[in-house]
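Now for the letters of each chain:
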Protein chains: 2
Amino acid sequence: MNFKKRLMTPGPTDIPPSVLAEACKPIIHHRTPQFRKILTEVVAGLKRVFQTNNDLLIFPAAGTGGMESAVVNLCSPGDTILTASCGNFGNRWTAIAKAYGISVEHYEVEWGGESDPQEIKKRLAAHPEIKVVFTTLSETSTGVDLDISAIGNIVAQTPAVLVVDAISGMGATPMKTDEWKADVVIAGAQKGFMIPPGLAGVTISSRAWELAKTSKIPKYYFSWEKAHKAMTAEALANTPYTPSVSLIMQMAESLRLIEEEGMENIWKRHARMAQSVRSAMEALGLKLFATGRPSNVVTSVCVPEGVDGIKLFKTVRDTYGITLAGGQGKLKDRIFRVGHLGYADDWDVVAAVAAIERALNEQGYVMEIGAGVTAAEKVLFAAE
Amino acid sequence: MNFKKRLMTPGPTDIPPSVLAEACKPIIHHRTPQFRKILTEVVAGLKRVFQTNNDLLIFPAAGTGGMESAVVNLCSPGDTILTASCGNFGNRWTAIAKAYGISVEHYEVEWGGESDPQEIKKRLAAHPEIKVVFTTLSETSTGVDLDISAIGNIVAQTPAVLVVDAISGMGATPMKTDEWKADVVIAGAQKGFMIPPGLAGVTISSRAWELAKTSKIPKYYFSWEKAHKAMTAEALANTPYTPSVSLIMQMAESLRLIEEEGMENIWKRHARMAQSVRSAMEALGLKLFATGRPSNVVTSVCVPEGVDGIKLFKTVRDTYGITLAGGQGKLKDRIFRVGHLGYADDWDVVAAVAAIERALNEQGYVMEIGAGVTAAEKVLFAAE
């Protein structure tokens, strides 16, 4: 071993040892009081992280499955919806909706930028037929966090329902579901929750349930009604088909860690790590890609002239053990992304900055060695 | 500890220690050569277990998600399909199809019995508009295995496509996908594959792909085309969204164990365990529920008069550590089910029989103590 392996991507994140250990326990059957107790605790714990009193369902699926569930349970063919997109994951809403024959008012800003709540207000006024607004808490393809609080206040003044993909942001950056009036919020497992991928959590407000009653898209696997009925049936905390038992056991342990640290502290840690990475990159003369509100989850950095971005990414990963994320789609060789999410601390950030410095230096990029880590430290030491 | 915990249900099954240990390894990112290598190996290994050269896709979902994928990719609203059902899981095909506006020719035998291939032939002849036949390899709600070979030969002589839910049978009892002309076969994770639930494997023949081209049901998450495109894209062995990384790592280890034992030996082990449980139950004077071909996966046993079936099940589980399965739906207190599936061996079967004997004895059921385990041993010792 030359270098330990570190995952500094916007998910999956590294998994805490006690959460890994949970997966080593013998599996239990899902139709038992023992499992129902765990599932009940997990639902209660997730509601605290989501900051909601709304119903919460868990699907055995990737986060995208949770997104699909929102589309097929809320919409009907021919409906009009609004997508407020800042990148690849915002665009996924439009792709899913179109697959289901829904008419999409697609509002997409220049990548790197941030959806303007006032523009959403304008479009909702111009198109009163819009039934649902779909958006993203943390657009990881560009490294931008959206102002869900502002969007929530605007949408709540209309009859439309607000759906937020908080897959990568939940448990890392504030997402106050009820306070911000987000009707449906979706989270994944492998991000702020620090467990392996395979679970999607979905909360549903009473407004969303009302709309769901009118939905005419056929569904079975992702039916909210079926899942909710099983959860609240006579044999409480059931599921309509086999749940992902081991992941739910891991989620229970992860929620214990989250409660121990406290949501406020977790948000502060992510904000601090994000700010220190941004400061470090700028101290190295690199340009940040985000022009909108920079993300607390992942920082996108422009590849400077004369540097091979793909090679940089591979050197950091294959030689120095730290997996960053490359650019997605049209940003493939133009940016690299540094995740500071989930099971990551201040010193992981310093390590990532050091590895990036080294790989840049090897490509002959002109900079002052140590400038990045120095800037990172200054932010970390000064943070409350 | 008085008694170790043993899972003797038709899934989840106990997990081999080396497969559990796999889940303790640090997680890896899914967009890496390292993960693509594992995924490629897993797909190849699964094809060997499925005994197929057809395309194989893996969805992050419960087995039911794999079933839904077959309905939404093969059918169009208004199509007619045939369901050959022997119980709860056969009926699930009808429920999913109806949810999607499909017209169902529902052929259901008295529970405990077995679908008659000749009846399927008759119905296909009477309804030439049937596009797909949906059936089940191992109907775990009643403990009956279907004759897929015979059904496959019949369906292959018609233009209809054959879809087999092999979720609980695959990797336990023979399922020769290509030889038996099964166009689409679905398997789960927590059954013969001995890993935690959360993966669905689906194979697709060229006949099925042809039909899928005409499908008009909207889909996104379960789109075969999207999943197949990602698997065969430039960056090979990719997935359209985040795969269940940890479960796929566990599947890789499980496939190593399966190859080591060999499919023929695994099938023999399951047949032997099943036969010994049946023999033991009969030696105790209990009646087997299955009137059709009894399953190699799970044995369903009628609760005898004077015995409280729910209490029996709970005593065996809570006092003696062995989790059996109760009856489902209308069979709730009428039968109990003994799983002999996945990570289970001859001595687990003897242990389960002994615990059942003890619980029966405690309820004052008249029998010769030791008759069950003696009968079980005789079968086990005599087996080749």
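Analysis parameters
- Residues numbered from 1 in each chain as written.
- Chains lettered and ligands numbered in written order.
- Predicted model: local features only at pLDDT ≥ 70, side-chain atom pairs only at ≥ 80, totals over all residues.
- Helix = DSSP H or I, 4+ residues; strand = E, 2+ residues; numbered from the N terminus.
- Buried ≥ 20, exposed ≤ 12 C-beta atoms within 10 Å, placed from the backbone.
- Contact = placed C-beta atoms within 7 Å.
- Domains from an automatic or database assignment.
- Nonpolar A, V, L, I, M, F, W, Y, C, P; charged D, E, K, R; others polar.
- Core = buried A, V, L, I, M, F, W, Y, C linked by C-beta atoms within 7 Å.
- Axes fitted to C-alpha atoms, helices over the stretch in contact; angles between N-to-C directions.
- Parallel < 35°, antiparallel > 145°, perpendicular 65-115°, else oblique.
- Left-handed = near helix turned anticlockwise from the far one by under 90°.
- Pairing = 2+ DSSP bridges.
- Least-squares fit on C-alpha atoms with pLDDT ≥ 70 in both.
- Arc of directions from axis to C-beta.
- Expected span 1.5 Å × (residues − 1).
- pLDDT = per-residue confidence, 0-100.

### Description of the overall build of chain A
Then, number 1: Secondary structure summary: chain A contains 13 helices and 14 strands in total.
Then, number 2: Dimensions of chain A along its principal axes, counting C-alpha atoms only, are 65 × 55 × 35 Å.
Then, number 3: Taken over 384 residues, chain A has a buried fraction of 58%.
Then, number 4: Intrachain contacts of chain A at a sequence separation of at least 6 include 72% that bridge at least 24 residues.

### Examining the domain arrangement of chain A
Buried accessible area, meaning the area lost when the parts come together, often serves as the stated size of an interface.
Residue and element names in this part refer to chain A.
Then, number 1: Domains assigned within chain A are domain 1 (6-12 + 263-382) and domain 2 (17-259).
Then, number 2: Each of domain 1 and domain 2 was reduced to a C-alpha centroid, and the two centroids are 28 Å apart.
Then, number 3: Domain 1 puts 26 residues into the contact, and the matching count from domain 2 is 29 residues.
Then, number 4: Only α10 (263-283) and β11 (298-302) provide two or more residues apiece to the side of domain 1 that touches domain 2.
Then, number 5: Top contributing element to the side of domain 1 that touches domain 2 by residue count: α10, with 4 residues.
Then, number 6: Taken together, the residues that form the side of domain 1 that touches domain 2 break down as 13 nonpolar, 11 polar and 2 charged.

### Overview of the interface of chain B and chain A
Then, number 1: Counting residues at the interface gives 41 residues for chain B and 41 residues for chain A.
Then, number 2: No other element matches helix α3 (residues 63-74) of chain B, which puts 4 residues into the side of chain B that touches chain A.
Then, number 3: Partitioned by chemical class, the residues of the side of chain B that touches chain A number 24 nonpolar, 13 polar and 4 charged.

### A word on the nonpolar core
Soluble, globular proteins show a tendency: their nonpolar side chains are buried together.
Then, number 1: Judged by nonpolar contacts, the single largest core of 256 residues is most densely connected at Val133 and Ile186 of chain A together with Val133 and Ile186 of chain B.
Then, number 2: With sequence-adjacent residues up to four places away left out, Val133 of chain B is seen in contact with Leu82, Ala84, Ile120, Val155, Ala160, Leu162 and Val163 of chain B.

### What about the packing of helix α12 (residues 346-362) of chain A against helix α13 (residues 371-382) of chain A?
All names here are of chain A.
Then, number 1: One can describe the packing of α12 onto α13 by two numbers: an axis separation of 9 Å at closest approach and a directional angle of 160°. When the interaxial angle is binned, α12 and α13 end up roughly antiparallel. Between α12 and α13 the crossing geometry is right-handed. Facing α12, whose interface residues are Asp346, Val349, Val350, Val353, Ala354, Ile356 and Glu357, α13 presents Gly372, Val373, Ala376, Glu377 and Leu380.

### A word on the pairing of strand β10 (residues 199-204) of chain B
All names here are of chain B.
Then, number 1: Counting buried positions along β10 gives 6 out of 6 residues, so the element sits mostly inside the fold.
Then, number 2: The alternating pattern of β10 places Leu199, Gly201 and Thr203 and Ala200, Val202 and Ile204 on opposite faces, both of which are buried.
Then, number 3: By the bridge criterion, 6 bridges tie strand β2 (residues 55-60) to β10 in an arrangement that is antiparallel. Bridging across to β10, Leu56 finds its partner in Thr203.
Then, number 4: Bridging between strand β9 (residues 184-187) and β10 involves 4 bridges; their strand directions are antiparallel. When the bridges of β10 are listed, Val185 appears paired with Thr203.

### Some thoughts on the relation of the copies chain B and chain A
Then, number 1: With an RMSD of 0.0 Å, the fit of chain B onto chain A corresponds to turning through 180° and sliding 0.0 Å along the axis. What we have between these two chains is a two-fold relation. Minimal C-alpha distance to the rotation axis in chain B is attained by Ala61 of chain B, lying at 2.5 Å.
Then, number 2: When the interface residues of chain B are mapped onto chain A, 100% of them are again interface residues, pointing to one common binding face.

### Re the environment of Arg272 of chain A
All names here are of chain A.
Then, number 1: Position of Arg272 among the secondary structure elements: in helix α10.
Then, number 2: Residue Arg272 is classed as buried on the basis of its C-beta count, with 20 C-beta atoms lying within 10 Å.
Then, number 3: Residues Arg272 and Gln118, 154 residues apart in the sequence, show an inter-C-alpha distance of 29 Å.
Then, number 4: Ignoring sequence-local partners within four residues, the contact set of Arg272 consists of Val379, Leu380 and Ala383.

### Some remarks on helix α7 (residues 206-213) of chain A
Residues and elements named next belong to chain A.
Then, number 1: The set of residues buried in α7 consists of Ala208, Leu211 and Ala212. Buried residues in α7, looked at end-on, bunch into an arc of 105°, giving them a common side. More than 90 degrees from the buried face of α7, the exposed residues found are Ser206, Glu210 and Lys213.
Then, number 2: Those residues of α7 hidden inside the fold are in contact with α3 (63-74), β5 (130-136), β8 (161-165), β9 (184-187), β10 (199-204) and α8 (224-231).

### Concerning the sheet that holds β8 of chain A
Residues and elements named next belong to chain A.
Then, number 1: One open sheet holds the 7 strands; their spatial order is β2-β10-β9-β8-β5-β3-β4, and the pairing between them is mixed. Edge positions in the sheet fall to β2 (55-60) and β4 (103-108), since each has one partner strand and no second. Each neighbouring strand pair of the sheet contributes to a mean axis angle of 20°, computed without reference to strand direction.
Then, number 2: Sheet analysis places strand β3 (residues 80-85) next to β5, joined by 4 bridges and oriented parallel. Across the sheet, the residue bridging to Thr80 is Ile130, located in β5.
Then, number 3: Each of β2, β5, β8, β9 and β10 touches α3; the most contacted strand, β10, lies at about 35° to it.
Then, number 4: In this fold helix α6 (residues 148-156) packs onto β3, β5 and β8, with an angle of close to 160° to the strand it touches most, β8.

### Quick notes on unusual backbone geometry
Then, number 1: In this structure, the amide linkage connecting Gly11 of chain A to the following residue, Pro12 of chain A, adopts the cis form with an omega of -5°.
Then, number 2: Counting through the fold element by element, Pro12 of chain A comes out in the loop between β1 (6-7) and α1 (17-22).
Then, number 3: Residue Met194 of chain B is not a glycine yet carries a positive backbone phi of 60°.
Then, number 4: Accessibility expressed as a C-beta count within 10 Å gives 28 for Met194 of chain B, which makes it buried.

### A closer look at α12 of chain A
In an α-helix there are 3.6 residues to a turn, and that puts residues three or four apart on one side.
Then, number 1: The end-to-end C-alpha separation of α12 of chain A is 25 Å, in line with the 24 Å expected for 17 residues at 1.5 Å each.
Then, number 2: For α12 of chain A, the secondary structure elements touched by its buried residues are β1, α10, α11 (309-319), β12 (322-323), β14 (335-339) and α13 of chain A.

### Quick notes on the confidence of the model for chain A
Then, number 1: Here chain A shows a mean pLDDT of 96. Residues at 70 or above account for 100%.
Then, number 2: As a predicted assembly, this complex carries a pTM of 0.94 together with an ipTM value of 0.91.

### Here we look at the sheet that holds strand β5 (residues 130-136) of chain B
All names here are of chain B.
Then, number 1: The 7 strands are arranged β2-β10-β9-β8-β5-β3-β4 in an open sheet whose pairing can be described as mixed. In this open sheet, the two strands that pair with only one neighbour each are β2 and β4 (103-108). Across the sheet, the mean angle separating the axes of adjacent strands is 20° when strand polarity is ignored.
Then, number 2: Looking at chain direction, strand β8 (residues 161-165) and β9 are connected through 3 bridges and run parallel. Bridge pairing in β9 places Val164 opposite Val185.
Then, number 3: Across the sheet, helix α6 (residues 148-156) touches β3 (80-85), β5 and β8, and the angle it forms with β8 is around 160°.

### A look at the packing of α10 of chain A against α13 of chain A
All names here are of chain A.
Then, number 1: Taken N-terminus to C-terminus, the directions of α10 and α13 make an angle of 150°; their axes are 7 Å apart at the nearest point. In terms of crossing hand, the pair formed by α10 and α13 is right-handed. Residues Arg272, Gln275, Ser276, Val277, Ser279, Ala280 and Ala283 of α10 form the contact with α13, whose participating residues are Ala371, Gly372, Val373, Thr374, Ala375, Ala376, Val379 and Leu380.
Then, number 2: Class assignment for the residues of the contact of α10 with α13 results in 9 nonpolar, 5 polar and 1 charged.

### Here we look at the environment of Ala376 of chain A
Residue and element names in this part refer to chain A.
Then, number 1: When you line up the elements, Ala376 lands in helix α13.
Then, number 2: On the neighbour-count criterion, Ala376 (26 C-beta atoms within 10 Å) is buried.
Then, number 3: In contact with Ala376, other than residues within four places in its own chain, are Ser276, Val277, Ser279, Ala280, Val349, Val350 and Val353.

### Quick notes on the environment of Glu119 of chain B
Then, number 1: Counting through the fold element by element, Glu119 of chain B comes out in helix α5 (residues 117-126).
Then, number 2: Residue Glu119 of chain B is classed as partly exposed on the basis of its C-beta count, with 13 C-beta atoms lying within 10 Å.

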